[in-house]
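Secondary and tertiary structure notes
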Amino acid sequence: AQSVTQLDSQVPVFEEAPVELRCNYSSSVSVYLFWYVQYPNQGLQLLLKYLSGSTLVKGINGFEAEFNKSQTSFHLRKPSVHISDTAEYFCAVSARGSTLGRLYFGRGTQLTVWP
Amino acid sequence: GAVVSQHPSWVICKSGTSVKIECRSLDFQATTMFWYRQFPKQSLMLMATSNEGSKATYEQGVEKDKFLINHASLTLSTLTVTSAHPEDSSFYICSVRERGSGRNEQFFGPGTRLTVL
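To keep things clear, this report deals only with the structure shown in the data block. (Residues numbered from 1 in each chain as written. Chains lettered and ligands numbered in written order. Predicted model: local features only at pLDDT ≥ 70, side-chain atom pairs only at ≥ 80, totals over all residues. Heavy atoms only, no water.)

Our focus in this paragraph is the overall build of chain A. Of regular secondary structure, chain A possesses 0 helices and 12 strands. In chain A, the order of α-helices and β-strands from amino to carboxyl end is β-β-β-β-β-β-β-β-β-β-β-β. A principal-axis box enclosing the C-alpha atoms of chain A has dimensions of 45 × 30 × 20 Å. Counting over 115 residues, chain A shows a buried share of 46%. (Helix = DSSP H or I, 4+ residues; strand = E, 2+ residues; numbered from the N terminus. Buried < 20%, exposed > 50% of the residue type's maximum accessible area, 1.4 Å probe, protein only.)

Structure below.
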């Protein structure tokens, strides 16, 4: 099975500052990696995904993430955050070749952007 | 990305009643649908996986007789919470996986807030 660790449960940051949300995973097989964002009382929206190819992945809203196989990490970054980025962020992993495509989620990181 | 709808978006019911939540894939055929439960300030907990035309597979600890899942078609899955009690109050989210997709991408519905009084 796979597992995901999001090291920070809360990340406070000031507006226009850079931010990094950390994600490490564990798996005995190759994986796909995802970052989702959840705004209050809403479902999850896909920010970006790593399927194959370039290890630097760009997503929506100016976010990017880098897949590091040796460190089994997939950290999410944004060079300058906005107040509207305040939300819960979930890292998820899925095994390649999985018939059902089950996602394993981290516990989430609450990003709070202060003016 | 794909569009997934859930109905209702919120529901309040009395203890002992049953509640049905619908999950619809609006623009593609979904072979597999997932049902999650989310408690406040916590991650998503997978409850069950349903494939069109077959019985749902429930996660350990989830009562199949209490949480009835019916994957009626390639665009519709329903979750029925039978004889609901206050401890069943939660945020329920469905997701769908596109038919033929080998990339394990899931698209999520907006969620349903269930409050049992």
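Here we take up the state of the cysteines. Residue and element names in this part refer to chain A. Scanning all chains against the criterion turns up 2 disulfides over all chains. A sulfur-sulfur distance of 2.0 Å marks the disulfide that ties Cys 23 to Cys 91. Here Cys 23 and Cys 91 share a disulfide; its torsion about the S-S bond, -65 degrees, makes the bridge left-handed. In this pair, Cys 23 is assigned in the loop between strand E3 (19-21) and strand E4 (24-26) and Cys 91 in strand E10 (residues 87-95), connecting sequence segments 68 residues apart. (Disulfide = S-S within 2.5 Å.)

All names here are of chain B. Here strand E1 (residues 4-7) shows a clear split, with Val 4 and Gln 6 buried on one side and none of Ser 5 and His 7 buried on the other. In the sheet, E1 pairs with strand E3 (residues 19-25) via 4 bridges, with the strands oriented antiparallel. In the sheet register, Ser 5 faces E3, and the bridge partner there is Arg 24. (Pairing = 2+ DSSP bridges.)

Residues and elements named next belong to chain B. Tallied over the full model, the rule gives 8 salt bridges over all chains. Of the charged contacts in the structure, one is a salt bridge between Glu 22 and Arg 24, with a shortest N-O distance of 3.6 Å. By relative accessible area, Glu 22 is classed as partly exposed at 23%. Exposure remark for Arg 24: the relative accessible area of 34% places this residue in the partly exposed category. In this structure, Asp 88 engages Lys 66 in a salt bridge whose closest nitrogen and oxygen atoms are separated by 2.9 Å. Of the two residues, Asp 88 is situated in the loop between strand E8 (76-81) and strand E9 (90-98) and Lys 66 in the loop between strand E6 (57-58) and strand E7 (67-73); the sequence distance between them amounts to 22 residues. With a relative accessible area of 4%, Asp 88 lands in the buried category. The class for Lys 66 is buried, based on a relative accessible area of 13%. (Salt bridge = Lys/Arg side-chain N within 4 Å of Asp/Glu carboxyl O.)

Topologically, A:Thr109 is positioned in strand E12 (residues 109-114). Only 3.2 Å separates the side chain of A:Thr109 from the side chain of A:Gln6, close enough to count as a polar contact. (Polar contact = N/O pair within 3.5 Å; in protein donor to acceptor, adjacent residues only side chain to side chain.)

Our next topic: the interface of chain B and chain A. Many analyses report the size of an interface as the accessible area lost when the parts associate. Of the residues lining the interface, 23 residues belong to chain B; the matching set on chain A comes to 23 residues. A buried area of about 1,800 Å², summed over both sides, lies between chain B and chain A, and 50% of it is on carbon and sulfur atoms. Where chain B meets chain A, there are 1 salt bridge. A:Arg102 is the partner of B:Glu59 in a salt bridge, and the nearest nitrogen-oxygen pair spans 2.8 Å. If you look at where chain B meets chain A, you find 6 residue pairs in polar contact (both at pLDDT 80 or more). Elements that contribute at least two residues to the side of chain B that touches chain A include exactly strand E4 (30-38), strand E5 (44-51), E9 and strand E10 (106-108) of chain B. (Contact = heavy atoms within 4.5 Å. Buried area = accessible area lost by both parts, 1.4 Å probe.)

Here we take up the nonpolar core. The biggest cluster of nonpolar side chains holds 28 residues, and the ones touching the most others in it are A:Leu33, A:Trp35, A:Leu47, A:Leu48, A:Phe74, A:Leu76 and A:Tyr89. Mapped onto this core, the elements with two or more residues apiece are strand E2 (10-14), E3, strand E5 (31-38), strand E6 (44-50), strand E8 (64-68), strand E9 (73-78), E10 and E12 of chain A. The residues touching A:Tyr89, leaving out its near neighbours within four places in the chain, are A:Gln6, A:Leu21, A:Trp35, A:Tyr36, A:Val37, A:Leu47, A:Phe63, A:Leu76, A:Gly108, A:Thr109 and A:Leu111. In this structure, B:Val4, B:Ile21, B:Phe67 and B:Val116 belong to the second largest nonpolar core, which totals 27 residues. (Core = buried A, V, L, I, M, F, W, Y, C linked by side-chain atoms within 4.5 Å.)

Moving on to the side chain of A:Glu88. Position of A:Glu88 relative to the elements: it lies in strand E10. An unpaired buried charge is present at A:Glu88: no salt bridge exists, and B:Lys41, the closest side chain of opposite charge, is 5.9 Å distant. One polar contact links the side chain of A:Glu88 to the main-chain amide nitrogen of A:Thr109, over a distance of 3.4 Å. If near-sequence neighbours (up to four positions away) are discounted, A:Glu88 is found in contact with A:Tyr36, A:Val37, A:Gln38, A:Arg107, A:Gly108, A:Thr109 and A:Gln110. (Lys, Arg positive; Asp, Glu negative; His and termini not counted.)

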